[in-house]
Amino acid sequence: DSAGPLVARGLTYLDQGDYDRAYEDLNAAVENDPENYDASFGPAIVAFQKGEIDKALEDLEFVRKRTPNVPDVEVLYVKCLVAKEDYNQAISVGSTAFNVGRMNADQRADMMEAQGYAFYKVGDYNSAFLDLDAALRIEQTGTRHYYRGLIMEGLRDYQQARLEYE
């Protein structure tokens, strides 16, 4: 597998935060083996980390066509849609991904966080709260408490919002 060493090195660069070298190696791996999942998903991760959301979405479309309904891909896709402020599409894709299933706890929590924020941005505070609450039951993070604080503010429960922010 000629893509294997490039994927391994590219993922190492990604872990080290060297996004340019990671992107170079992972794209070379895709050219060598377009069916290699790690090779094709890697450039999308790099683009997302670099804030190149349009490029990440383009790369994710490529991966989604080749390997549909892969939880990590769907989670990153929804995060990209949220970053692009396409909240309704994020909600739709997230709901479909939940219906397909096969997500582990971390993937479900990440999806619920992204989808919960999207619900918040479209003014559906009840759905936003349910998603963020479920995500927090899986893992407590500052971001999730912050988002739940925003929801509480939207519901005009300022005392609870303050507690979330602490």
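Residues numbered from 1 in each chain as written. Predicted model: local features only at pLDDT ≥ 70, side-chain atom pairs only at ≥ 80, totals over all residues. Heavy atoms only, no water.

1. Quick notes on unusual backbone geometry
In plain terms, the rule: Elements are defined by DSSP. Helices are runs of H or I of four residues or more, strands are runs of E of two residues or more, and each kind is numbered from the N terminus. Burial classification: accessible surface area is computed with a 1.4 Å probe over protein chains only, and a residue below 20% of its type maximum counts as buried, one above 50% as exposed, and the rest as partly exposed.
Despite not being glycine, Glu-85 shows a phi value in the positive range, around 65°. As for its placement among the helices and strands, Glu-85 is situated in the loop between helix 5 (71-83) and helix 6 (87-100). When its relative accessible area of 57% is taken as the criterion, Glu-85 is described as exposed. The phi dihedral of Arg-156 falls on the positive side, at around 65°, and the residue is not glycine. As for its position among the elements, Arg-156 is in the loop between helix 9 (142-154) and helix 10 (158-165). You can call Arg-156 exposed: its relative accessible area is 63%.

2. Here we look at the nonpolar core
Note the threshold: By nonpolar core we mean a set of buried residues, namely Ala, Val, Leu, Ile, Met, Phe, Trp, Tyr and Cys, connected to one another through side-chain atoms within 4.5 Å. Every residue pair with non-hydrogen atoms within 4.5 Å of one another is taken to be in contact.
Core analysis: the largest hydrophobic core is formed by 36 residues, its most contacted members being Leu-60, Val-78, Cys-80, Val-82 and Tyr-117. Sorting elements by how many residues they give to this core places helix 5 first, with eight residues. Discounting residues that sit within four places of it in the chain, Tyr-117 has contacts with Val-82, Tyr-87, Leu-132, Tyr-147 and Leu-150.

3. Description of the packing of helix 5 against helix 6
What counts is decided by this rule: Only C-alpha atoms enter the line fits that serve as axes; for helices the fit covers just the stretch in contact. Angles between N-to-C directions range over 0 to 180 degrees. Angles below 35 degrees are treated as roughly parallel, those above 145 as roughly antiparallel, those between 65 and 115 as roughly perpendicular, and all remaining angles as oblique. Handedness of a crossing follows from how the near helix is turned relative to the far one, being left-handed for an anticlockwise turn of less than a right angle and right-handed for a clockwise one. Classification used: nonpolar for Ala, Val, Leu, Ile, Met, Phe, Trp, Tyr, Cys and Pro, charged for Asp, Glu, Lys and Arg, polar for all others including Gly.
Viewed as axis vectors pointing N to C, helix 5 and helix 6 meet at an angle of 165°, and their least axial separation amounts to 8 Å. On the basis of their axis angle, the class for helix 5 and helix 6 is roughly antiparallel. Relative to helix 6, helix 5 is oriented so that their crossing is left-handed. Counted together, Glu-74, Tyr-77, Val-78, Leu-81 and Val-82 of helix 5 and Tyr-87, Gln-89, Ala-90, Val-93, Gly-94 and Ala-97 of helix 6 form the full contact between these two elements. The residue inventory of the contact of helix 5 with helix 6, partitioned by class, reads eight nonpolar, two polar and one charged.

4. As for the packing of aromatic side chains
This is how the line gets drawn: Aromatic contacts are taken between Phe, Tyr and Trp rings whose centres are within 6.5 Å, Trp giving its six-membered ring; a plane angle under 30 degrees counts as stacked, one over 60 as edge-to-face, and the others as tilted. Both a distance and an angle decide whether a charge sits over a ring: NZ of Lys or CZ of Arg must be within 6 Å of the ring centre and within 35 degrees of the ring normal.
Per the stated rule, a full pass over the model turns up six aromatic pairs. Centre to centre, the rings of Tyr-87 and Tyr-117 are 6.4 Å apart; their planes meet at 75°, and the pair counts as edge-to-face. Of this pair, Tyr-87 sits in helix 6 while Tyr-117 sits in helix 7 (residues 105-121), and the two are 30 residues apart along the sequence. The class of Tyr-87 is buried, set by a relative accessible area of 12%. Judged by centre distance (5.8 Å) and plane angle (35°), the ring pair of Tyr-120 and Tyr-125 falls under tilted. A relative accessible area of 25% places Tyr-125 in the partly exposed class. Put simply, the rings of Tyr-87, Tyr-117, Tyr-120, Tyr-125, Tyr-146, Tyr-147 and Tyr-165 pair up and form one aromatic cluster. Above the plane of the ring of Tyr-77 lies Arg-64, whose end atom (NZ or CZ) is 3.9 Å from the centre.

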